[in-house]
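A structural walkthrough
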Amino acid sequence: MPQHPDIAKISQLLMTKSTELAALGHRQLVILSGPQEWAAAHVTDFLKATQISGPTSCCVVTPKGSVMETLMADSQGLSFARADKPNTLLGYENNHVIFDAHSGFYPDALCAVAGTIKASGLLFLLTPNLENWAEQEDQFAKKRTSFNCLQTPNSPQTIKRFLETALTYGAISICENHKYSDIQKQLNAQSDKEPNTN
């Protein structure tokens, strides 16, 4: 797989953001929208960079036997969990979390695992292309149908509302076709909005 030309630069930006978050005691949502291989390359590069300063814990929430589990299997310091079993995500602390939403968006599991992230941590939400994610088949939506109602293969309102809210409140969105300069502008604009703690 060809390496994205800006992958190291983007990892460095995220490392800087993580350092800023530590000073504030905050955490950050990072939406990586694109193919699983592309997203795995980004988070792997970021995790390798964080390991330089010492061991970190990271939880990967993905279906058992998924593409993401295979792609991340050789990375150091990872634990794996399943989104369809959110109660197994409680009681732990993680420096970072990788949440794979390619086969289903499980809001309850996302909330549960978000509560395990330490200050300065990043929650990487890996999604299909944002323009058509809401229309794609979703395993969670299939399981959530009420009695006597038609089963729906996706949950467009849930995903659209989540994205709208997340982006309104400062989530970092990195899409496969974004240029490094676009991501840098997004992070700079966010830093300008943050309150001064001095």
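Now for a description of the structure that goes with this document. (Residues numbered from 1 in each chain as written. Predicted model: local features only at pLDDT ≥ 70, side-chain atom pairs only at ≥ 80, totals over all residues. Heavy atoms only, no water.)

With that settled, consider the pairing of strand β5 (residues 117-127). Successive residues of a regular strand alternate their side chains across the two faces of the sheet. Judged by how many residues are buried, β5 sits mostly within the fold: nine of eleven residues are covered. Two elements, strand β4 (residues 94-100) and β5, share six bridges in a ladder whose sense is parallel. Among the inter-strand pairings, Phe99 is bridged to a residue of β5, identified as Leu125. On the question of chirality, the crossover connecting β4 to the parallel β5 by way of helix α4 (residues 107-114) is right-handed. (Buried < 20%, exposed > 50% of the residue type's maximum accessible area, 1.4 Å probe, protein only. Helix = DSSP H or I, 4+ residues; strand = E, 2+ residues; numbered from the N terminus. Pairing = 2+ DSSP bridges. Right-handed = clockwise from strand over helix to strand, strands pointing away.)

This part covers the side chain of Ser120. With respect to the secondary-structure elements, Ser120 resides in strand β5. Looking at Ser120, the relative accessible area reads 18%, which means it is buried. Here Ser120 is in contact with Ser18, Leu21, Ala22, His26 and His96, once residues within four sequence places are set aside. (Contact = heavy atoms within 4.5 Å.)

Our focus in this paragraph is the pattern of salt bridges. Using the criterion set out here, one finds one salt bridge in the structure. In this structure, Glu164 engages Arg161 in a salt bridge whose closest nitrogen and oxygen atoms are separated by 2.9 Å. One end of the pair, Glu164, and the other, Arg161, are both in helix α6 (residues 156-168), three residues apart, so they sit about a helical turn from each other. By relative accessible area, Arg161 is classed as exposed at 52%. (Salt bridge = Lys/Arg side-chain N within 4 Å of Asp/Glu carboxyl O.)

Burial along strand β6 (residues 172-175) is two-sided: Ile172 and Ile174 facing one way and Ser173 and Cys175 facing the other are all buried. The pairing of strand β1 (residues 28-33) with β6 spans four bridges and is parallel. Bridge pairing in β6 links Ser33 to Cys175.

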